[in-house]
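# An overview of the molecular structure
Listed here are the chains, written in short residue letters.
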Amino acid sequence: MTDAALSLGSATAPEHGTNGPPLGNAEFAAIAAIMQSDARIHLTDIKKTLVHGRLSRRLRMHGLSTFRDYVRLVQSDAQERAAMVVSLTTNHTHFFRENHHFEHFKAEVIPTLKEAARHRPVRIWSAGCSSGEEVYTIALCLLGRDRGQAGWLRNADVKLLATDLSPPMVENVQRATYADNIVSAIPADYRAAWVKPGPGGDFAIAEEARAMVTARVLNLFAPWPMRQKYDAIFCRNVMIYFDDAAKAELEARLVDQLAPGGHLYIGHSERLIGPAAAKMKACGQTIYVRQDGPAR
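### Focus: the side chain of R40
With respect to the element layout, R40 can be found in the loop between α1 (25-39) and α2 (48-62). For R40, the contacting residues outside a window of four places in its chain are M35, F221, Y241, F242, A245, A246 and E249.

This is the structure:
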């Protein structure tokens, strides 16, 4: 759910158009409470039109005539409840977005990872990966601008984890195929080396990049199954949609999941708050390094 993230845009359409029944205040409050409890997404009244538009489709799908009936459904049906949460997230990202992060990653982090990979596994996490452009940008940076630069990876244990709340987004990552207008954001040399014509006129990310990536559905506020520490975590433009308590909780968990000396990349308008900030040192624009020693 990256923007590379999850985005709930401001409403611009009339509050109740012809596309569905009215969304009452009580029903909106019930939906907002579910979003807060299940995904820690903070919905304010300004999002009411967006919620109405997105969920009117779900009402039609289930043949329901009122939002009261829909709220009853999501309160009793776990599958529809999960589908509602996904429906109220928008995934927006592109290749090499906020490129200063990737310039830092290439200049400051990859040289260290190359040395580390000679004697241990290297792990990187794209948290809130959306449709995969972020994690495959990371993979392309690791591979290099031409195939000759990828030699260090042949005998290295380098794995990238991509997680998102949305199952359809995770399926997109697994397919690793993108339209021409999307791959056009990849610099020409990377594109020539690692992007190939795919099915139906789309373009496929090369197998060398795909082999490094594992994509999984994960709610960032649910228990995490990962036991290893990460050398770098990208969690960009996700936390802006949470209240301060949720931000502090997530940031603390992300920092704890970093290896000593590991790097955290967050969104352009985000800042570390709470206990996490004390463990991290700023080393660039919205780039932080864990202070307690070198990477393992």
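Following the structure, the description resumes.
### Digging into the sheet that holds strand β5 (residues 177-178)
Strand pairing in a sheet relies on backbone hydrogen bonds. The paired strands run either parallel or antiparallel. Read across the open sheet, the 3 strands follow the order β5-β7-β6; overall the sheet is antiparallel. The strands lining the two open edges of the sheet, one partner per strand, are β5 and β6 (195-197).

### Focus on the sheet that holds strand β8 (residues 213-217)
Ordered by their spatial adjacency, 7 strands build an open sheet running β8-β4-β3-β9-β10-β12-β11, and the pairing between neighbours is mixed. The sheet terminates laterally at β8 and β11 (280-284), the two strands that pair on one side only. Put simply, the sheet's adjacent strands are angled 20 degrees from each other on average, direction ignored. Note that strand β10 (residues 258-266) and strand β12 (residues 287-290) share 3 bridges and pair antiparallel. When the sheet's bridge partners are listed, Y265 is paired in β12 with I287. Together, β4 (158-164) and β8 form the strand contacts of helix α7 (residues 167-175), whose direction differs from that of β8 by roughly 165 degrees.

### So, the pairing of β10
Looking along a regular strand, one sees the side chains alternate between the two faces of the sheet. With 8 of its 9 residues buried, β10 lies for the most part within the structure. Across 5 bridges, the pairing between strand β9 (residues 230-235) and β10 is parallel. Within β10, the position partnered with F234 by the bridge is Y265. As a crossover connection, the stretch from β9 through helix α11 (residues 244-256) into β10 is right-handed.

### Section: the nonpolar core
I31, M84, W125, L220, L250 and L264 are the most contacted members of the largest nonpolar core, which has 48 residues in total. At the level of secondary structure, the elements contributing two or more residues to this core comprise α1, α2, α3 (67-76), α4 (78-87), β3 (122-127), β9, α11 and β10. When near neighbours in sequence (up to four residues on either side) are disregarded, L250 contacts L220, F221, W224, C235, M239 and F242. If you look at the next biggest cluster of nonpolar residues, it comprises 47 residues, including V109, A139, A150 and L153.

### Remarks on the side chain of R54
Structurally, the position occupied by R54 is in helix α2. Engagement of the side chain of R54 in a polar contact is seen with the backbone oxygen of S87, the distance being 3.1 Å.

### Examining the packing of α2 against α3
Packed helices, taken two at a time, are described by the angle between their axes plus the distance between the axes. The N-to-C vectors of α2 and α3 enclose an angle of 80 degrees; their axes lie 10 Å apart at closest approach. It follows that α2 is roughly perpendicular to α3 by the angle criterion. Along its contact with α2, which presents H52, L55, S56, R58, L59 and H62, the element α3 presents F67, Y70 and L73. Here the residues of the contact of α2 with α3 are counted per class, giving 5 nonpolar, 3 polar and 1 charged.

Reading the values: the criteria
- Residues numbered from 1 in each chain as written.
- Predicted model: local features only at pLDDT ≥ 70, side-chain atom pairs only at ≥ 80, totals over all residues.
- Heavy atoms only, no water.
- Helix = DSSP H or I, 4+ residues; strand = E, 2+ residues; numbered from the N terminus.
- Contact = heavy atoms within 4.5 Å.
- Pairing = 2+ DSSP bridges.
- Axes fitted to C-alpha atoms, helices over the stretch in contact; angles between N-to-C directions.
- Buried < 20%, exposed > 50% of the residue type's maximum accessible area, 1.4 Å probe, protein only.
- Right-handed = clockwise from strand over helix to strand, strands pointing away.
- Core = buried A, V, L, I, M, F, W, Y, C linked by side-chain atoms within 4.5 Å.
- Polar contact = N/O pair within 3.5 Å; in protein donor to acceptor, adjacent residues only side chain to side chain.
- Parallel < 35°, antiparallel > 145°, perpendicular 65-115°, else oblique.
- Nonpolar A, V, L, I, M, F, W, Y, C, P; charged D, E, K, R; others polar.

So far we have only geometry, and geometry alone does not tell us how the molecule works.
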